[in-house]
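Understanding the architecture of this molecule
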Amino acid sequence: PYKYVAKKIFDEANKVICVSNYEKRLVLEKFKIDSSKVEVIPNGINLKEFEGLKKRKKSNSKTILYIGRLEKYKRVDYLIKALPILGEDVRLEIVGKGPFKKALLKSMNKLGLGDMIRFYEDLPRDELLQKYAEADLFVLLSKHEAFNISVAEALASRTPCIVMNTSALREWVDDLNCFGIDNPDDPYVVAELIRQVMGRKVGDVRLPNWDDIVRMLINIYNNVCENAGTETSMV
(Lines give C-alpha, C1' and ligand atoms only; values in the text may rest on other atoms or scores of the structure.)
Protein backbone atom coordinates (compact mmCIF):
# COMPACT_ATOMS: atom_id res chain seq x y z
CA PRO A 1 0.00 0.00 0.00
CA TYR A 2 2.83 2.43 0.71
CA LYS A 3 3.73 2.49 -3.00
CA TYR A 4 0.36 3.98 -3.91
CA VAL A 5 0.65 6.60 -1.15
CA ALA A 6 4.27 7.38 -2.02
CA LYS A 7 3.47 7.76 -5.72
CA LYS A 8 0.78 10.31 -4.89
CA ILE A 9 3.16 12.22 -2.61
CA PHE A 10 5.96 12.19 -5.18
CA ASP A 11 3.63 13.40 -7.94
CA GLU A 12 2.40 16.32 -5.84
CA ALA A 13 5.83 17.33 -4.49
CA ASN A 14 7.76 20.14 -6.17
CA LYS A 15 11.07 18.50 -5.27
CA VAL A 16 12.10 15.06 -4.04
CA ILE A 17 15.39 14.81 -2.14
CA CYS A 18 17.33 11.54 -2.11
CA VAL A 19 20.41 10.85 0.00
CA SER A 20 22.36 9.02 -2.74
CA ASN A 21 22.40 8.41 -6.47
CA TYR A 22 21.39 4.83 -5.72
CA GLU A 23 18.26 5.99 -3.91
CA LYS A 24 17.50 8.39 -6.76
CA ARG A 25 17.64 5.55 -9.27
CA LEU A 26 15.28 3.47 -7.13
CA VAL A 27 12.76 6.31 -6.83
CA LEU A 28 12.81 6.98 -10.56
CA GLU A 29 12.50 3.28 -11.38
CA LYS A 30 9.75 2.39 -8.91
CA PHE A 31 7.60 5.53 -9.05
CA LYS A 32 8.17 6.82 -12.60
CA ILE A 33 8.30 10.46 -11.57
CA ASP A 34 9.82 13.34 -13.50
CA SER A 35 13.60 13.11 -13.04
CA SER A 36 13.91 16.92 -12.96
CA LYS A 37 12.11 16.86 -9.60
CA VAL A 38 14.76 14.72 -7.93
CA GLU A 39 17.80 16.17 -6.17
CA VAL A 40 20.58 14.24 -4.43
CA ILE A 41 21.70 15.66 -1.10
CA PRO A 42 23.49 13.22 1.23
CA ASN A 43 23.09 13.02 4.97
CA GLY A 44 25.70 15.03 6.83
CA ILE A 45 28.00 14.56 9.79
CA ASN A 46 29.36 16.99 12.35
CA LEU A 47 33.03 17.07 11.39
CA LYS A 48 33.94 18.98 14.56
CA GLU A 49 33.08 15.86 16.58
CA PHE A 50 36.00 14.05 15.00
CA GLU A 51 38.63 16.69 15.61
CA GLY A 52 41.20 15.57 18.14
CA LEU A 53 40.12 11.91 18.23
CA LYS A 54 43.12 9.83 19.22
CA LYS A 55 44.08 6.51 17.73
CA ARG A 56 44.79 3.83 20.30
CA LYS A 57 48.29 2.89 21.34
CA LYS A 58 49.90 0.08 19.39
CA SER A 59 49.18 -3.44 20.62
CA ASN A 60 49.64 -6.98 19.43
CA SER A 61 45.99 -7.31 18.34
CA LYS A 62 44.04 -5.69 15.51
CA THR A 63 40.41 -4.55 15.79
CA ILE A 64 37.67 -4.82 13.19
CA LEU A 65 34.60 -2.68 13.87
CA TYR A 66 30.95 -3.00 12.86
CA ILE A 67 28.39 -0.38 13.90
CA GLY A 68 24.73 -0.67 12.97
CA ARG A 69 21.50 -2.61 13.38
CA LEU A 70 21.81 -6.36 13.82
CA GLU A 71 19.63 -7.48 10.94
CA LYS A 72 20.11 -10.45 8.64
CA TYR A 73 20.58 -8.29 5.54
CA LYS A 74 23.54 -6.55 7.21
CA ARG A 75 25.43 -9.88 6.96
CA VAL A 76 27.57 -9.52 10.06
CA ASP A 77 27.60 -13.33 10.15
CA TYR A 78 29.72 -13.31 6.98
CA LEU A 79 32.28 -11.24 8.84
CA ILE A 80 32.22 -13.62 11.80
CA LYS A 81 32.92 -16.58 9.50
CA ALA A 82 36.11 -14.89 8.28
CA LEU A 83 37.56 -14.44 11.78
CA PRO A 84 39.03 -17.96 12.20
CA ILE A 85 40.98 -17.46 8.98
CA LEU A 86 42.47 -14.19 10.22
CA GLY A 87 44.00 -15.66 13.37
CA GLU A 88 43.85 -15.07 17.11
CA ASP A 89 45.43 -11.60 16.98
CA VAL A 90 42.28 -10.11 15.42
CA ARG A 91 39.29 -8.86 17.41
CA LEU A 92 35.81 -7.99 16.19
CA GLU A 93 33.77 -5.33 17.98
CA ILE A 94 30.05 -5.22 17.15
CA VAL A 95 28.13 -2.12 18.25
CA GLY A 96 24.37 -2.31 17.85
CA LYS A 97 21.27 -4.30 18.61
CA GLY A 98 18.51 -6.02 16.71
CA PRO A 99 16.68 -9.30 16.07
CA PHE A 100 19.67 -11.02 14.43
CA LYS A 101 21.85 -10.86 17.54
CA LYS A 102 20.83 -14.35 18.72
CA ALA A 103 21.90 -15.86 15.41
CA LEU A 104 25.23 -14.03 15.61
CA LEU A 105 25.86 -15.31 19.13
CA LYS A 106 25.02 -18.83 17.98
CA SER A 107 27.47 -18.57 15.09
CA MET A 108 30.14 -17.13 17.39
CA ASN A 109 29.76 -19.97 19.89
CA LYS A 110 29.67 -22.63 17.19
CA LEU A 111 33.00 -21.40 15.84
CA GLY A 112 34.49 -21.01 19.33
CA LEU A 113 35.15 -17.29 18.88
CA GLY A 114 34.06 -16.08 22.31
CA ASP A 115 37.44 -14.46 23.00
CA MET A 116 37.59 -12.72 19.63
CA ILE A 117 34.21 -10.92 19.57
CA ARG A 118 32.73 -8.24 21.83
CA PHE A 119 29.17 -6.87 21.63
CA TYR A 120 28.18 -3.35 22.73
CA GLU A 121 24.82 -1.56 22.88
CA ASP A 122 23.68 2.02 23.49
CA LEU A 123 27.17 3.48 23.86
CA PRO A 124 27.40 7.17 24.82
CA ARG A 125 28.36 9.32 21.86
CA ASP A 126 31.91 9.98 23.05
CA GLU A 127 32.56 6.26 23.54
CA LEU A 128 31.13 5.47 20.13
CA LEU A 129 33.41 8.01 18.46
CA GLN A 130 36.38 6.51 20.28
CA LYS A 131 35.46 3.06 18.93
CA TYR A 132 35.70 4.47 15.42
CA ALA A 133 39.06 6.03 16.14
CA GLU A 134 40.56 2.98 17.85
CA ALA A 135 39.55 0.48 15.17
CA ASP A 136 42.03 -0.71 12.57
CA LEU A 137 39.23 -1.34 10.08
CA PHE A 138 35.49 -0.75 9.66
CA VAL A 139 33.52 -3.39 7.72
CA LEU A 140 29.95 -3.29 6.40
CA LEU A 141 28.80 -6.18 4.19
CA SER A 142 25.16 -5.08 4.00
CA LYS A 143 23.07 -6.11 0.99
CA HIS A 144 21.57 -2.67 0.53
CA GLU A 145 21.93 0.80 2.01
CA ALA A 146 20.51 4.15 0.93
CA PHE A 147 23.51 6.02 2.39
CA ASN A 148 24.91 4.67 5.70
CA ILE A 149 26.19 7.25 8.14
CA SER A 150 28.54 4.78 9.86
CA VAL A 151 30.83 4.63 6.83
CA ALA A 152 31.05 8.42 6.77
CA GLU A 153 31.86 8.52 10.48
CA ALA A 154 34.49 5.80 10.17
CA LEU A 155 36.24 7.71 7.40
CA ALA A 156 35.98 10.93 9.42
CA SER A 157 37.79 9.05 12.18
CA ARG A 158 40.56 8.15 9.72
CA THR A 159 39.66 4.46 9.83
CA PRO A 160 39.77 2.56 6.51
CA CYS A 161 36.61 0.77 5.38
CA ILE A 162 35.46 -2.31 3.50
CA VAL A 163 31.91 -2.25 2.16
CA MET A 164 29.75 -4.22 -0.23
CA ASN A 165 30.31 -3.10 -3.80
CA THR A 166 26.59 -2.56 -4.30
CA SER A 167 23.69 -0.17 -3.54
CA ALA A 168 24.74 3.24 -2.17
CA LEU A 169 27.77 1.67 -0.49
CA ARG A 170 29.42 1.53 -3.90
CA GLU A 171 29.46 5.32 -3.92
CA TRP A 172 31.92 5.28 -0.99
CA VAL A 173 34.43 3.01 -2.74
CA ASP A 174 37.57 4.83 -3.94
CA ASP A 175 40.14 2.00 -3.50
CA LEU A 176 42.24 4.34 -1.38
CA ASN A 177 40.29 4.77 1.84
CA CYS A 178 37.23 2.60 1.23
CA PHE A 179 37.34 -0.73 -0.59
CA GLY A 180 34.52 -2.71 -2.19
CA ILE A 181 33.91 -6.45 -2.08
CA ASP A 182 31.78 -8.44 -4.52
CA ASN A 183 31.77 -11.91 -2.96
CA PRO A 184 31.28 -11.71 0.83
CA ASP A 185 29.82 -15.22 1.10
CA ASP A 186 33.35 -16.61 0.67
CA PRO A 187 35.10 -16.13 4.06
CA TYR A 188 38.54 -16.52 2.44
CA VAL A 189 37.81 -13.63 0.08
CA VAL A 190 36.65 -11.50 3.01
CA ALA A 191 39.68 -12.43 5.10
CA GLU A 192 42.13 -11.68 2.29
CA LEU A 193 40.72 -8.21 1.67
CA ILE A 194 40.75 -7.51 5.41
CA ARG A 195 44.44 -8.39 5.52
CA GLN A 196 45.15 -6.03 2.64
CA VAL A 197 43.20 -3.07 4.01
CA MET A 198 43.55 -3.33 7.79
CA GLY A 199 45.64 -0.55 9.28
CA ARG A 200 45.92 1.53 6.10
CA LYS A 201 46.18 5.27 6.57
CA VAL A 202 43.15 7.22 5.42
CA GLY A 203 43.96 10.18 3.22
CA ASP A 204 41.82 13.12 2.21
CA VAL A 205 38.14 12.22 1.97
CA ARG A 206 35.40 14.67 1.01
CA LEU A 207 32.72 14.12 3.62
CA PRO A 208 29.29 15.79 3.84
CA ASN A 209 29.31 18.40 6.61
CA TRP A 210 25.91 19.34 8.06
CA ASP A 211 26.63 23.05 7.51
CA ASP A 212 27.03 22.43 3.78
CA ILE A 213 23.98 20.16 3.67
CA VAL A 214 21.78 22.79 5.33
CA ARG A 215 22.88 25.41 2.80
CA MET A 216 22.02 23.05 -0.06
CA LEU A 217 18.58 22.37 1.42
CA ILE A 218 17.89 26.09 1.90
CA ASN A 219 18.88 26.81 -1.70
CA ILE A 220 16.53 24.15 -3.03
CA TYR A 221 13.68 25.36 -0.82
CA ASN A 222 14.20 28.97 -1.91
CA ASN A 223 14.22 27.93 -5.58
CA VAL A 224 11.02 25.96 -5.12
CA CYS A 225 9.36 28.93 -3.46
CA GLU A 226 10.44 31.29 -6.23
CA ASN A 227 9.24 29.00 -9.01
CA ALA A 228 6.02 27.69 -7.48
CA GLY A 229 4.76 30.42 -5.18
CA THR A 230 4.01 29.83 -1.52
CA GLU A 231 2.17 26.50 -1.83
CA THR A 232 5.20 24.20 -2.00
CA SER A 233 6.24 20.88 -0.62
CA MET A 234 9.39 18.78 -0.49
CA VAL A 235 9.85 15.06 0.23
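Located above this text is the structure these notes cover.
What comes next is a walk through the structure. (Residues numbered from 1 in each chain as written. Predicted model: local features only at pLDDT ≥ 70, side-chain atom pairs only at ≥ 80, totals over all residues. Heavy atoms only, no water.)

1. Describing the pairing of strand β6 (residues 137-140)
For a regular strand, the rule is simple: side chains alternate between the two faces of the sheet. A two-sided burial pattern is seen for β6, the buried positions comprising L137 and V139 on one face and F138 and L140 on the other. Relative to β6, strand β3 (residues 62-67) runs parallel, the two being bridged by 2 bridges. The partner of L65 across the bridge, within β6, is F138. Of the strand pairs in this sheet, β6 and strand β7 (residues 161-164) are connected by 3 bridges, and their pairing is parallel. Note on β7: the bridge partner recorded for F138 is C161. (Buried < 20%, exposed > 50% of the residue type's maximum accessible area, 1.4 Å probe, protein only. Helix = DSSP H or I, 4+ residues; strand = E, 2+ residues; numbered from the N terminus. Pairing = 2+ DSSP bridges.)

2. Topic: the layout of surface pockets
Its volume calculated, the second largest pocket comes out at about 170 Å³. Lining the second largest pocket, in full, are V19, S20, N21, V40, P42, F147, A168, E171, W172, R206 and P208. Taken together, the residues that form the lining of the second largest pocket break down as 7 nonpolar, 2 polar and 2 charged. (1 Å grid on protein atoms, 1.4 Å probe; cavity = no way out; pocket = protein on both sides within 12 Å on 5 of 7 lines; lining within 4 Å. Points joined across faces, edges and corners; volume = space filled by probe spheres on them. Nonpolar A, V, L, I, M, F, W, Y, C, P; charged D, E, K, R; others polar.)

3. As for the packing of aromatic side chains
Taken as a whole, this structure holds 3 aromatic pairs when the rule is applied. Ring geometry for F10 and F31: centres 4.9 Å apart, planes at 70°, overall edge-to-face. Of this pair, F10 sits in helix α1 (residues 2-12) while F31 is found in helix α2 (residues 21-31), placing the two residues 21 residues apart along the sequence. As far as burial versus exposure is concerned, F10 and F31 are alike and both buried. With 5.5 Å between their ring centres and 65° between their planes, F147 and W172 make a pair best called edge-to-face. With F147 in the loop between β6 and α6 (149-156) and W172 in the loop between β7 and β8 (178-181), the pair connects residues that are 25 residues apart, well separated along the chain. Overall, the relative accessible area of 7% leaves F147 in the buried class. For W172, a relative accessible area of 13% puts it in the buried group. Of note, K131 hangs over the ring of Y120, and the distance from its end group to the ring centre comes to 4.0 Å. (Phe/Tyr/Trp six-rings, centres within 6.5 Å; stacked < 30°, edge-to-face > 60°. Lys NZ or Arg CZ within 6 Å of the ring centre and 35° of its normal.)

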